[in-house]
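Given next are the chains, with one letter for each unit.
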Amino acid sequence: MDKFVTRAKKRVGGQSKKDECQRENLQKKPRSEVLKEEFQEDEEVNQFPQPVPWQKIEAEGLDCDYSLLFSKKEADTFFTQLEEEVVYFTGDQTKVQVYGKTYSVPRKQATYGDEGLMYSFSGVHLSARPWTATLEIIRDAVTKATGHTFNFVLINRYKDGHDHMGEHRDDERELDPSCPIASVSLGAARDFVFRHKDARSGQNRRQIDPVKLELAHGSLLLMNSPTNTYWYHSLPTRKKIKSPRINLTFRRIVKQRQRNAIKPS
Ligand SMILES: O=C(O)CCC(=O)C(=O)O
């Protein structure tokens, strides 16, 4: 299993008058407001490094960048905040159609983004709720680190290692191919596996090793073009993992390419 280096960010220690004020503010202001202010102050003090120290991950047709974007403290705060804020789909929107059969999605899902955006896959059409304050902070940090802007995020919540995501490619036509998919992980570290399409099955199957990563708490994985053309990815079950994980995949959807004939129920 590949392991990656972690980024040590300088933190300000000790209690101060400012901390006391912030605690008082917590009682008066919505938590999301306080979080935004704290994150901005933290960034000013710590001079969020530009560029973030990326680890390049490459194979035939695979081009990814990996980094620890958030400190443990930031990642813990985001995780707690998202647990309070995110509204996950229920009912029919928790089901997908694969080769005419209906399956329950083995995790929880939610979508947020700019007004009017919708993401469709495996017979399910998910329309975006308006950005929450926490999602905006995370999105903007990803933009600052990568130089790319995003108008949509798919959120997957895995309650434990039984929840998983099967092999697939994010190659939907409404995704802007010039924009990487930026995957932020919070909570339990999980294995993430890439498999080349020619190594899956069939007569002309090729021997190409899978690429395996561990996605850490606070990490950012960028899947650059043409990765999703040639490589499938999955988040396999890991039954020993007892704690939850939230994954956010920031994307850029081209509005004109949405299948707007189909409206979500
Ligand atoms: O949870 C993960 O890291 C996988 C997410 C993913 O594959 C997707 O959103 O397409």
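Quick caveat, the model's predicted, so the values are computed rather than measured. (Residues numbered from 1 in each chain as written. Predicted model: local features only at pLDDT ≥ 70, side-chain atom pairs only at ≥ 80, totals over all residues.)

**Observations concerning the sheet that holds strand β8 (residues 152–158)**
And then number 1: The 7 strands are arranged β1-β2-β13-β10-β15-β8-β5 in an open sheet whose pairing can be described as antiparallel. Both edges of this open sheet fall to β1 (55–59) and β5 (108–113), since each of them pairs with a single strand only. The sheet shows a mean angle of 20 degrees between the axes of neighbouring strands, taken without regard to direction.
And then number 2: Summarising the sheet, β8 and strand β15 (residues 245–251) pair through 7 bridges and their orientation is antiparallel. Each residue of the ladder has a partner; that of Val153, found in β15, is Phe250.
And then number 3: Each of β10 (181–187) and β15 touches helix α3 (residues 72–85); the most contacted strand, β10, lies at about 90 degrees to it.
And then number 4: Strands β5, β8, β10, β13 (219–224) and β15 of the sheet are contacted by helix α4 (residues 133–146), whose axis makes an angle of about 125 degrees with β10. (Pairing = 2+ DSSP bridges. Helix = DSSP H or I, 4+ residues; strand = E, 2+ residues; numbered from the N terminus. Axes fitted to C-alpha atoms, helices over the stretch in contact; angles between N-to-C directions. Contact = placed C-beta atoms within 7 Å.)

**Remarks on the UniProt feature "binding site: 2-oxoglutarate" (unreviewed entry) in the chain**
And then number 1: Within this numbering scheme, the UniProt entry marks Asn156, Tyr158, His168, Asp171, His233, Arg245, Thr249 and Arg251 as carrying the feature "binding site: 2-oxoglutarate" (unreviewed entry).
And then number 2: With respect to the secondary-structure elements, His168 resides in strand β9 (residues 165–168).
And then number 3: Inspection of the secondary structure puts Asp171 in the loop between β9 and β10.
And then number 4: Excluding anything up to four places from it in sequence, Asp171 contacts Asn228 and Thr229. (UniProt positions renumbered as here; feature names shortened; annotations may be inferred.)

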